[in-house]
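Residues per chain, in single letters:
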Amino acid sequence: MALTRRFLITGFDVDYQVLFNLAVALAAYNRGVKVIHLEAGLRTYDKDNPYPEEVYRQFISRITDIHLCPTEQNSINLKKENVCGQVFVVGNTVLDNLVEYGNGTYGNTILVTLHRRENHHWIDKWFTEINKLAHQYSEYTFVIPLHPNPNVQLHKDILSNVKVIDPITHTETMNLLKECKLVITDSGGLQEEAAFFNKKVIVCRKTTERPEGIKTGHLYLCDSPNLLTNIFVKLEKDFYINETCPYGDGRASEKIISIIDEKL
């Protein structure tokens, strides 16, 4: 996020940032400062999934002057909502940082991340199923950088067959992602990053605001822990994918700079 005297850019709705993004965007609007929204138009139209990002994103869209959408579907969402402001499809800037890593490879690691609030009430059940998979498929190393949230940490002892590590840097995460075979996650951004490296992802959520990856075969929704094993068994046998990443080509920043130069 960046605030200047001329305009504000807001986006990247990580859990702890979403309320801050909304508050600053609202403050900018009240002061007559133009708002530019990164990751604009992401929608599930389910206010509880993802919580609270879905509602906050919709709020910000109502006061945004320039909407920078990762995908064409995001643009369609905004136009259906009759938002004010100009709408552009640029891809997601998060992928710009991945170009330097090169192409992905397929090793024997299964990368796991789970942290979302809507999963906290049954995180123990997710962990139980993941631990069973790690035991059944001992030829793979299941790795989970464990989120520091107490609701997640409370159940870490369940993961007796999983390699549990402390939170790691973005670079370390991307190196794991680039070389893993499959991903199990409830993260939003990791869905895009995995697609960039052509990895299949089991999304441990009821829905996703990034449905483009379902169409390309990168994402597979798993809305209940008891469905995880069946989905994993299918993908473990058919893990390879070579499809264009639907969330951008790693050149979003160039497009955004061009738009800002032209419009502001």
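Preceding this section is the structure that the text describes.
Residues numbered from 1 in each chain as written. Predicted model: local features only at pLDDT ≥ 70, side-chain atom pairs only at ≥ 80, totals over all residues. Heavy atoms only, no water.

> Which residues make up the pattern of salt bridges, and what are the values?
Counted under the stated rule, the structure contains 13 salt bridges. The salt bridge involving Glu53 is made with Arg116; its shortest N-O contact spans 2.9 Å. One end of the pair, Glu53, is in helix 2 (residues 53-62); the other, Arg116, is in the loop between strand 6 (109-113) and helix 4 (123-136), and 63 residues separate them in sequence. The residues Glu53 and Arg116 share a single accessibility class, namely buried. Among the ionic pairs, Arg210 bridges to Glu192, the shortest N-O distance being 3.0 Å. (Salt bridge = Lys/Arg side-chain N within 4 Å of Asp/Glu carboxyl O. Helix = DSSP H or I, 4+ residues; strand = E, 2+ residues; numbered from the N terminus. Buried < 20%, exposed > 50% of the residue type's maximum accessible area, 1.4 Å probe, protein only.)

> Any chance you could break down helix 9 (residues 228-237) for me, citing the residues and the numbers?
Looking at helix 9, one finds that the buried residues are Leu228, Ile231, Phe232, Leu235 and Glu236. Down the axis of helix 9, the smallest arc covering the buried residues is 130°, so these residues share one side. In helix 9, those exposed residues whose orientation departs by more than 90 degrees from the buried face are Asn230, Lys234 and Lys237. Check the buried side of helix 9 and you find it contacts strand 6, helix 4, strand 7 (141-145), strand 9 (182-185), strand 10 (200-203) and strand 11 (219-221). (Arc of directions from axis to C-beta. Contact = heavy atoms within 4.5 Å.)

> Before we move on, can you summarise the nonpolar core with the specific residues and values?
In terms of nonpolar packing, the biggest core is built from 27 residues, with Ile130, Phe142, Ile184 and Phe232 touching the most fellow members. Among the elements of the structure, strand 6, helix 4, strand 7, strand 9 and helix 9 are those that each provide at least two residues to this core. Non-local contacts of Ile184, meaning those with residues more than four positions away in its chain, are made with Ile110, Leu111, Val112, Thr113, Ile130, Phe142, Ile202, Cys204, Leu228 and Phe232. (Core = buried A, V, L, I, M, F, W, Y, C linked by side-chain atoms within 4.5 Å.)

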